[in-house]
Amino acid sequence: MENSEKTITDLREAFVNIDSNLVNELLKKALEENIPPREIIEKAIRQGADEVGKKYEACEYFLPELVMSGEMMKEAIELLKPMMKADGISSSGKIVFGTVKGDLHDIGKNIVISMLTVAGFDITDVGVDVSSEKFLSEIREKTPDILCMSSLLTHTMPELNLVIEELKKAGLRDKVKIMIGGRPVTEEYATQIGADSFGKDAYEAVEKAKQLMKKR
Amino acid sequence: MTPRERFMIAARLQEPDKVPVAFLRGSYDATRIGLHVKDYIFDYKKKLNAQLKLMERFSGCTFVPGINPDFGIVAEASAFGTEVFYYEKEPPMCTPIIKQIEEIDRIKVPDPHRDGLLPKVLEAYKYLIDNAPSNCEVDPQAIRGPMDLATELRGVGPFLSDMYKHPEHVHKLMEIATQTEIDFVKAMDEISGGSNIIFMCDDIPGLISPKFFEEFGFPYMKKIFQTFSNKLKIYHNCKNSMHILERLANTGFQVFNFSFENNVAETKKRIGKRVCLMGNVEPIGVFLKGSQREIEDICREQIKVAGPGGGYVLSVGGGCYGPDQSMDAVISAADKYGKYPIILD
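About the cut-offs
- Within each chain, residue numbers correspond to sequence positions counted from 1 in written order.
- In the order they appear in the text, chains get letters beginning with A and ligands get numbers beginning with 1.
- For this predicted model, a pLDDT threshold of at least 70 governs which residues receive local features, and a threshold of 80 or more governs which side-chain atom pairs are given and counted, while totals over whole chains, interfaces and linings are taken from all residues.
- Strand pairing is defined by DSSP finding a minimum of two bridges between the two strands.
- Only DSSP runs of H or I reaching four residues or more are called helices, and only runs of E reaching two or more are called strands; each is numbered from the N terminus.
- For every residue pair, C-beta atoms are placed from the backbone, and the pair is scored as a contact if these atoms sit within 7 Å.
- Note on geometry: axes are C-alpha line fits, over the in-contact stretch for helices, and angles between N-to-C directions span 0 to 180 degrees.

1. Some thoughts on the sheet that holds strand β7 (residues 232–236) of chain B
Residue and element names in this part refer to chain B.
Logical step 1: The strand order across the open sheet formed by six strands is β5-β6-β7-β8-β9-β10, and the pairing between neighbours is parallel. Two strands lie at the open edges of the sheet, namely β5 (143–144) and β10 (312–316), each paired on one side alone.
Logical step 2: Here strand β6 (residues 197–201) runs beside β7; their pairing, made up of five bridges, is parallel. Looking at the pairing, I198 lines up with K233 of β7.

Printed below as a string of structure tokens:
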């Protein structure tokens, strides 16, 4: 096996095995071997993310493994970003992401953000307990392709609808696609309030985000 | 036989006259009658009245805990100085205070008589004991499990990745969280003269691997339960725990309020002879949004699987925030289908 192929294979395995020290070492090695960023992202990071996802579905991996692998992959992408632009790799799209007002949960949001970053999206994370005013302000400033909102509590779900209504009043609804998610949220609810999409977990959120970009 | 007596018989793995029904208590006591949750928490008279109202309306079931101080999930975390946020219709929440891992080296076990909301909990507990009707059990407030408290202080995401990156600090934080809960229960016992019940809520074990639970969760949960070995120990976890069922049971609780995500038949098969099972109607799609007929049908199936042999309490496998008719439906199902011996096809 060529050196670079072995480095990529070892790097992918290090991501999957949640070995952050080895990931850092092999990332450095990959760059020293002049492996193109596109190849590192596609064959080590994204394929690694797929394998981690399969282990999670098979109940071999749990939330700590998703959190760790998400963190490592997001850091790797950030490291490679300047080189990606030089390599002609463009962003998959711009996303503003937040948890709605009255809700302080962020673990699910952060995992989804990691996976969306791995998939090539540029994310503005506006945090938790985000008011509709703040969401609108971010949309005006950042002009994202997609607004992602998370609600982990049944009592804060109406905030999802409120943001959409405020966007309509402000004449901004057509400017952005909306995806929602969170434990009590359903596909049915998303349709009911006029969201464009619903992601039941991080992996579905990535696929749905890609589909939304095709409609832009 | 009162609903609570029925519950206690099931908790001893026996068959009462029929399957008991029990619901978790929480800020629903307040929201149901239009009280602002903050008002409910700090006005002890209003709190007692709200809790009594709920019990009067639903006399066919018991509530776990019974009449209790109910400061929500933030009481212990507040003792470390976390900022607490109050909402009109939701339980209070708090934000993590341990931002850098080294800060764990500087935190200390708080004093429940002095720190955060804990003295208020003790004050409320005394008020309830002194003022509740004599036929009402007054229980201590539900405590956080040690992992739950640790994640409130550190943040769920950072805590989970700390297990990989800083295991020694995770153990240190878990030791502090464990001692905090032990001291809190002892302080409540000083007020009551010693309660016969302890109710622990901790979802975090359901989120981690068996290996991580063995290392970071099991010893600490076990220590708390062993410290209070003479109390009836009830444990709530509304996350899927199929991968750690036996390990959880080994920590020493007697009643398990398990998640709707658990397979009820397999849960009964694997640990049903050791612990009383309490659950596990799905809280949102069924309990919150389902029709009375749908709820009764699902309860019937659960009674059929988990009821025979006793040691079963019909309940929701998660938070109980549903309309009155949902609670009526669950109680009705136990009346219709839950008489022992249970013979349902």
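2. Remarks on the interface of chain B and chain A
Logical step 1: Taken together, the contacts link 19 residues of chain B with 17 residues of chain A.
Logical step 2: Among the secondary structure elements, those contributing two or more residues to the side of chain B that touches chain A are α8 (156–165) and α13 (283–288) of chain B.
Logical step 3: At six residues, α8 of chain B tops the list of elements feeding residues into the side of chain B that touches chain A.

3. Observations concerning the sheet that holds strand β1 (residues 93–100) of chain A
All names here are of chain A.
Logical step 1: Read from one edge of the open sheet, five strands run β2-β1-β3-β4-β5, paired in parallel fashion. Unpaired on one side and paired on the other, β2 (121–130) and β5 (197–198) mark the two borders of the sheet.
Logical step 2: When strand β3 (residues 146–150) meets strand β4 (residues 177–181), the two strands line up parallel, connected through five bridges. Paired with M149 across the strands is I180, a residue of β4.
Logical step 3: Taken strand by strand, helix α5 (residues 107–118) contacts β1, β2, β3 and β4, and its axis lies near 170° from that of β2.
Logical step 4: The sheet contacts of helix α9 (residues 202–214) involve β1, β2, β3, β4 and β5, and relative to β4 the element is tilted by about 165°.

4. Quick word on unusual backbone geometry
Logical step 1: A cis amide bond, omega -10°, links V64 of chain B with the succeeding residue P65 of chain B.
Logical step 2: In this structure, P65 of chain B sits in the loop between β2 (62–64) and α5 (75–78).
Logical step 3: Following G279 of chain B, the chain continues to N280 of chain B via a peptide bond in cis, the omega torsion being -20°.
Logical step 4: For I18 of chain A, which is not glycine, the phi torsion reads 55° and is therefore positive.
Logical step 5: Note that I18 of chain A resides in the loop between α1 (3–16) and α2 (20–32).

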